[in-house]
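Results of the structural survey
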Amino acid sequence: MTPDELKAQVGRAALEYLVDGAVVGVGTGSTVNHFIDALATVRQRVAGAVSSSVASTTRLRAAGIEVLEADQVERIPVYIDGADEIDGHGFMIKGGGAALTREKIVADLADRFVCIADQSKQVAVLGRFPLPVEVIPMAVAQVVRRFARLGGQAVQRGRVVTDNGNAIVDVSGLAIRDPLAMETEINQWPGVVTVGIFARHKAQICLLGTPEGVKTLRF
């Protein structure tokens with residue numbers, strides 16, 4: 001199966017985790033796009049969606065699904081999103097699509113995080129994928145220097161501007177063996193809006209696309 005077919009497979013499988021009549025949290029990215037397409041076929045099952053990006057909001061509305069603002073809901077039963085990497089504990093690296101801050105906000109509203117990914121995203125130790133960090137522009141150089149002291153090579157992601165108007169710094173060369181501790185540390189740095197380590201907001205379930213079918217991992 002092609003990578004796109006694997007993504008479509010897990011996008012459809014995620015429909016099983018919808019709570020009928022409730023609002024669903026929807027993430028961002030190519031795998032999530034397949035979920036949105038699948039959701040469009042059963043849109044009558046949900047009361048609407050809270051979206052983590054402008055791109056997902058546009059796709060949801062085009063599919064006839066009402067999009068609510070995060071401040072319109074107190075809780076949502078499930079958040080469906082992809083990952084750039086996921087380890088054996090459900091800890092993830094996210095932010096390849098530059099939506100990590102809004103993804104964390106929506107994940108924080110959810111009772112359960114269901115990650116949808118193809119098998120290439122499963123790793124033993126996080127860090128092979130460059131770690132995205134959303135940074136206030138005036139702090140970029142300072143944050144880059146801080147990562148250098150940790151042994152990481154940080155570079156600003158071209159002219160990418162997040163939906164919040166900030167820069168993205170991508171950090172390579174890290175082996176993230178304690179995701180919770182590293183997430184906590186980086187989040188304290190002045191100028192950092194959000195680091196793309198999802199440890200406090202880890203996945204409880206991962207639907208992993210494989211050539212043999214969808215593999216369900218529970219954490």
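See above for the structure.
Residues numbered from 1 in each chain as written. Predicted model: local features only at pLDDT ≥ 70, side-chain atom pairs only at ≥ 80, totals over all residues. Heavy atoms only, no water.

1. A short note on the side chain of Asp170
Looking at the secondary structure, you find Asp170 in strand β10 (residues 167–172). Of note is the side chain of Asp170, whose polar atom sits 2.8 Å from the side chain of Arg157. Among residues more than four places away in sequence, those in contact with Asp170 are Pro130, Leu131, Pro132, Gln153, Ala154, Val155 and Arg157. (Helix = DSSP H or I, 4+ residues; strand = E, 2+ residues; numbered from the N terminus. Polar contact = N/O pair within 3.5 Å; in protein donor to acceptor, adjacent residues only side chain to side chain. Contact = heavy atoms within 4.5 Å.)

2. Structural notes on the sheet that holds strand β7 (residues 113–118)
The sheet built from 7 strands is open, its strands ordered β3-β2-β1-β4-β7-β13-β14 with mixed pairing. On the outer flanks of this sheet lie β3 (67–68) and β14 (213–218), each paired with one strand and no other. The sheet contact formed by strand β1 (residues 23–26) and strand β2 (residues 48–51) spans 4 bridges and is parallel. The residue bridging Val23 from the neighbouring strand is Gly48, located in β2. (Pairing = 2+ DSSP bridges.)

3. A word on a nonpolar patch on the surface
Taken together, the side chains of Ile136, Met138 and Val193 define a hydrophobic patch exposed on the protein surface, amounting to about 310 Å² of accessible area. Within the fold, Ile136 resides in the loop between β8 (131–135) and α5 (140–149). When its relative accessible area of 39% is taken as the criterion, Ile136 is described as partly exposed. (Patch = residues over 30% accessible without salt bridge, like charges linked within 9 Å, V, L, I, M, F, W, Y side chains within 5 Å. Areas by Shrake-Rupley, 256 points an atom, 1.4 Å probe, with all protein chains shown as cover. Salt bridge = Lys/Arg side-chain N within 4 Å of Asp/Glu carboxyl O. Buried < 20%, exposed > 50% of the residue type's maximum accessible area, 1.4 Å probe, protein only.)

4. Here we look at the nonpolar core
Grouped together as the largest cluster of nonpolar side chains are 26 residues, with contacts concentrated most on Val24, Phe35 and Leu39. When residues of this core are traced back to their parent elements, those giving at least two are β1, α2 (30–40), β7 and β13 (205–210). Take this core: its biggest share by element is 6 residues, from α2. (Core = buried A, V, L, I, M, F, W, Y, C linked by side-chain atoms within 4.5 Å.)

5. Description of the packing of α2 against helix α3 (residues 54–62)
Where α2 contacts α3, the two axes come as close as 9 Å, and the packing angle between them is 20°. The angle between α2 and α3 falls in the class roughly parallel. At the point where α2 passes α3, the crossing takes the right-handed sense. Contact residues: Val32, Asn33, Ile36, Asp37 and Leu39 in α2; Ser56, Arg59 and Leu60 in α3. Broken down by class, the residue content of the contact of α2 with α3 amounts to 4 nonpolar, 2 polar and 2 charged. (Axes fitted to C-alpha atoms, helices over the stretch in contact; angles between N-to-C directions. Parallel < 35°, antiparallel > 145°, perpendicular 65-115°, else oblique. Left-handed = near helix turned anticlockwise from the far one by under 90°. Nonpolar A, V, L, I, M, F, W, Y, C, P; charged D, E, K, R; others polar.)

6. Thoughts on the environment of Glu5
Mapped onto the elements, Glu5 comes out in helix α1 (residues 3–13). According to the relative accessible area criterion, Glu5 is partly exposed, its value standing at 41%.

7. What to know about the packing of aromatic side chains
Two measures describe an aromatic ring pair: the distance that separates the ring centres and the angle between the ring planes. The full count for this structure, using the stated rule, is 2 aromatic pairs. Centre to centre, the rings of Tyr79 and Phe113 are 5.0 Å apart; their planes meet at 80°, and the pair counts as edge-to-face. Placement of Tyr79 in strand β4 (residues 79–81) and of Phe113 in strand β7 is noted, with a sequence separation of 34 residues between them. Both residues of the pair, Tyr79 and Phe113, count as buried. (Phe/Tyr/Trp six-rings, centres within 6.5 Å; stacked < 30°, edge-to-face > 60°.)

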